[in-house]
Amino acid sequence: MRILVTGAAGFVGSHLAERLLDLGHEVMGLDCLTNAYTAELKELNQQQLRARGAVIRTVDLAEDDLASHFDG
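In what follows, the accompanying structure is described. Small disclaimer: the values here were computed from a predicted structure and weren't measured.

Topic: the pairing of strand E3 (residues 55-58)
Regular strands place side chains that alternate from one sheet face to the opposite one. Inspection of the sheet shows strand E2 (residues 26-31) paired to E3 by four bridges, in the parallel sense. Considered in E3, the bridge of Gly 29 is made with Ile 56.

A word on the sheet that holds strand E1 (residues 2-6)
Across the sheet, which stays open at both edges, the three strands sit in the order E1-E2-E3 with parallel pairing between neighbours. Both outer strands of the open sheet, E1 and E3, are each paired with one neighbouring strand and no more. On average, each strand axis in the sheet is tilted by 20° relative to the strand beside it, whichever way the strands run. Here E1 runs beside E2; their pairing, made up of five bridges, is parallel. Paired with Ile 3 across the two strands is Val 27, which belongs to E2. Relative to E1, helix H1 (residues 11-22) is tilted by about 170°, and along the sheet it contacts E1 and E2.

Quick word on unusual backbone geometry
Apart from glycine, the bulk of residues carry a negative phi angle, and the bulk of peptide bonds sit in the trans form. For Leu 33, which is not glycine, the phi dihedral falls at a positive 60°. Note that Leu 33 resides in the loop between E2 and helix H2 (39-51). Using a relative accessible area of 32% as the deciding quantity, one classes Leu 33 as partly exposed.

Thoughts on the pattern of salt bridges
Evaluated as defined, the whole model comprises two salt bridges. Arg 52 serves as the salt-bridge partner of Asp 22, at 2.2 Å between the closest nitrogen and oxygen. One end of the pair, Asp 22, is in helix H1; the other, Arg 52, is in the loop between H2 and E3, and 30 residues separate them in sequence. The shortest N-O distance in the salt bridge between Asp 31 and Lys 42 comes to 3.5 Å. Of this pair, Asp 31 sits in strand E2 while Lys 42 sits in helix H2, and the two are 11 residues apart along the sequence. For Lys 42, a relative accessible area of 5% gives the class buried.

Let's talk about the layout of surface pockets
By volume, the largest pocket is sized at about 240 Å³. Contributing to the lining of the largest pocket are Arg 2, Ile 3, Leu 4, Glu 26, Val 27, Met 28, Gly 53, Val 55, Arg 57, His 69, Phe 70 and Asp 71. Among the residues making up the lining of the largest pocket, the classes are represented as six nonpolar, two polar and four charged.

The rules we used
- Residues numbered from 1 in each chain as written.
- Predicted model: local features only at pLDDT ≥ 70, side-chain atom pairs only at ≥ 80, totals over all residues.
- Heavy atoms only, no water.
- Pairing = 2+ DSSP bridges.
- Helix = DSSP H or I, 4+ residues; strand = E, 2+ residues; numbered from the N terminus.
- Axes fitted to C-alpha atoms, helices over the stretch in contact; angles between N-to-C directions.
- Contact = heavy atoms within 4.5 Å.
- Buried < 20%, exposed > 50% of the residue type's maximum accessible area, 1.4 Å probe, protein only.
- Salt bridge = Lys/Arg side-chain N within 4 Å of Asp/Glu carboxyl O.
- 1 Å grid on protein atoms, 1.4 Å probe; cavity = no way out; pocket = protein on both sides within 12 Å on 5 of 7 lines; lining within 4 Å.
- Points joined across faces, edges and corners; volume = space filled by probe spheres on them.
- Nonpolar A, V, L, I, M, F, W, Y, C, P; charged D, E, K, R; others polar.

Rendered as structure tokens:
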């Protein structure tokens, strides 16, 4: 199953994305990288998810055109 996770670079979102990957799902993660906690931690979360096969994009749900980020 293809699953979209918003806030994927944050604590909850990154753990959810990891679990979904463990279960064999395809994951696309979106995050606007706000400063809820350090940028270094969010970047590390993004790198780890990408290494496991997730597609991670920096997107602001309130501002960006979402259609350009999806295929199908």
